[in-house]
Amino acid sequence: MPIALRFYAIEQRVQNERQKILDQLDAAYRNNDSKTYAERYKEMEKFNIKYSLVFPEYEITQDNIVEAFDTRAQQRAQSWNGVTLSEKNAVAANEILKPSRKTIVERVKKTQGQ
């Protein structure tokens, strides 16, 4: 394998590990799971020690954590049925997800005895 490809593979693995840690910190925070959060925070510290000299731009800082949490909260707020809506996909999402909306309305009517 050429050295450039090996480098990119290593860099991608570091990025994936970084993203996984941020995802797990976010999930633990949202679930109010302080034990898991503390465990993931320790993983983050180990990650920073392991990669800070070679890939300092991938170090996870407190600002990164806050920014990641804010970004995920915004994405959740802009999603509907697990789909992140945007101006580009809103029309298509409406057409595709419309049947599920009808099903939900029908279920609500049944449970309310209408």
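Residues numbered from 1 in each chain as written. Predicted model: local features only at pLDDT ≥ 70, side-chain atom pairs only at ≥ 80, totals over all residues. Heavy atoms only, no water.

### Description of the overall build of the protein chain
Test applied: The secondary structure listing takes helices from DSSP runs of H or I that are at least 4 residues long and strands from runs of E that are at least 2 residues long, numbered from the N terminus. Exposed residues in this analysis have more than 50% of their type's maximum accessible area, buried residues have under 20%, and partly exposed residues fall in between, with area computed by a 1.4 Å probe over protein chains only. Pairs of residues are marked as contacts when any of their non-hydrogen atoms sit within 4.5 Å. Accessible areas in this description were obtained via Shrake-Rupley with a 1.4 Å probe; residue shielding takes into account the shown protein chains only.
Scanning the protein chain from terminus to terminus reveals four helices and two strands. Going from N to C terminus, the protein chain has its helices and strands arranged as α-α-α-β-β-α. Overall size of the protein chain, expressed as C-alpha extent along the three principal axes, is 65 × 40 × 25 Å. For the protein chain, the proportion of its 114 residues judged to be buried stands at 19%. Summarising the internal contacts of the protein chain: among those between residues at least 6 apart in sequence, 55% fall at separations of at least 24. In the structure as shown, the protein chain presents an accessible area of about 8,800 Å², 54% of it carried by carbon and sulfur atoms.

### Re the packing of helix 1 (residues 3–30) against helix 2 (residues 34–51)
What counts here: Axis lines are fitted to C-alpha atoms, over the contacting stretch for helices. Their N-to-C directions set the angle, which ranges from 0 to 180 degrees. Oblique is the label for every angle not falling under 35 degrees (roughly parallel), over 145 degrees (roughly antiparallel), or within 65 to 115 degrees (roughly perpendicular). Each crossing gets its handedness from the near helix: less than a right angle anticlockwise from the far helix is left-handed, clockwise is right-handed. In this classification, Asp, Glu, Lys and Arg are treated as charged, Ala, Val, Leu, Ile, Met, Phe, Trp, Tyr, Cys and Pro as nonpolar, and every other residue, Gly included, as polar.
It is the contact of helix 1 with helix 2, at a shortest axis distance of 9 Å, that shows an interaxial angle of 160 degrees. Relative to helix 2, helix 1 is oriented roughly antiparallel. Two packed elements cross with a definite hand, and for helix 1 against helix 2 that hand is left-handed. Judged by residue contacts, V14, E17, R18, I21, Q24, L25, A28 and Y29 of helix 1 engage T36, Y37, R40, Y41, E43, M44, F47 and Y51 from helix 2. For the contact of helix 1 with helix 2, the per-class residue count stands at 10 nonpolar, two polar and four charged.

### Concerning the packing of aromatic side chains
Note the cut-off: Working definition: rings of Phe, Tyr and Trp (its six-membered ring) pair if their centres are within 6.5 Å, and the pair is stacked with planes under 30 degrees apart, edge-to-face with planes over 60 apart, and tilted otherwise.
This model, assessed by the stated rule, comprises six aromatic pairs. Three or more aromatic residues joined by ring pairs form one cluster here, namely F7, Y8, F55 and Y58.

### Some details on the nonpolar core
Selection rule: Remark: nonpolar core denotes a set of buried residues (Ala, Val, Leu, Ile, Met, Phe, Trp, Tyr, Cys) joined through side-chain atoms within 4.5 Å.
Formed by 13 residues in total, the largest nonpolar core has its most connected members in V14, I21, L25, M44, F47, I60 and I65. Elements with a minimum of two residues in this core: helix 1, helix 2 and helix 3 (62–77). The contact partners of L25, leaving out residues within four places of it in the chain, are Y37, R40, Y41, M44, I65 and F69.

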